[in-house]
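Per-entry structural report
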Amino acid sequence: MERRRSFPDVLAGGIFVLIGGAFVVGSLGYELGTPLRMGPGAFPALVGAAVVALGLAIVVKGLVAGEMVSFGPIPWRAVAVIVLAVLFFGFTVEGLGFVPTSAVTALLTTLAGSRVRLLTAVAVAAGLTVAGTLIFVFGLQLRIPLWGPWLGL
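Structural notes, computed from the coordinates. Remember, it's a predicted structure, so these values are computed and weren't measured experimentally.

A word on the overall build of the chain. The helix and strand inventory of the chain stands at five helices and zero strands. Taking 15 Å as the expected radius of gyration for a compact globule of 153 residues, we find that the chain reaches 21 Å, considerably beyond that expectation. Dimensions along the principal axes, computed over C-alpha positions, put the chain at roughly 65 × 50 × 20 Å. The buried share of the chain, reckoned over its 153 residues, is 25%. In the chain, 66% of the contacts between residues at least 6 apart in sequence involve partners at least 24 apart. Averaged over its 9 positive side-chain charges, the chain has a centre that lies 8 Å from the centre of its 5 negative ones.

What follows is the structure in structure tokens.
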């Protein structure tokens, strides 16, 4: 019986191991505390360890019982649009404010797909903007202006 290895599973598992390991290493700079009085480093350490365990399980599955799966063509348009949207958000959120920046970012990322209609993209962007504003600005009370100084409001 021939064993097949799944490169995507091994790669994904390896990425999980690296990210989880980074969280564990980063949490060591904080006090871990005790099981009854957990310190600020306990939660990131536990989550990081869980992500490492999950990553190792995915790597083992990919090495033992993987399927031969090809990646297919890379959707370069979607990759470029999403990277552009993230950069746009990072560089303009303070100047434009949270509402317009979120709306443009959500619209760009929604339009990254090739099958999305404009009306659907606008509806998704509006919903995400309202949800993001309620969660981050009002719920979590982040100090981000709703409308920025570049708009003169």
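Back to the write-up after that little detour.
A cluster of nonpolar residues, Ile74, Trp76, Val79, Val83, Leu87 and Phe91, forms a patch on the protein surface that exposes about 670 Å² of accessible area. Structurally, the position occupied by Ile74 is in the loop between α2 (42-64) and α3 (76-96). By relative accessible area, Ile74 is classed as partly exposed at 49%.

In this structure the tally under the stated criterion is one salt bridge. Note that Asp9 and Lys61 form a salt bridge whose closest N and O atoms lie 2.8 Å from each other. With Asp9 in helix α1 (residues 7-27) and Lys61 in helix α2, this pair connects stretches of sequence that are 52 residues apart.

Conventions we followed
Residues numbered from 1 in each chain as written. Predicted model: local features only at pLDDT ≥ 70, side-chain atom pairs only at ≥ 80, totals over all residues. Heavy atoms only, no water. Helix = DSSP H or I, 4+ residues; strand = E, 2+ residues; numbered from the N terminus. Rg over C-alpha atoms; globule rule 2.2 N^0.38 Å. Buried < 20%, exposed > 50% of the residue type's maximum accessible area, 1.4 Å probe, protein only. Contact = heavy atoms within 4.5 Å. Lys, Arg positive; Asp, Glu negative; His and termini not counted. Charge placed at Lys NZ, Arg CZ, Asp CG, Glu CD. Patch = residues over 30% accessible without salt bridge, like charges linked within 9 Å, V, L, I, M, F, W, Y side chains within 5 Å. Areas by Shrake-Rupley, 256 points an atom, 1.4 Å probe, with all protein chains shown as cover. Salt bridge = Lys/Arg side-chain N within 4 Å of Asp/Glu carboxyl O.

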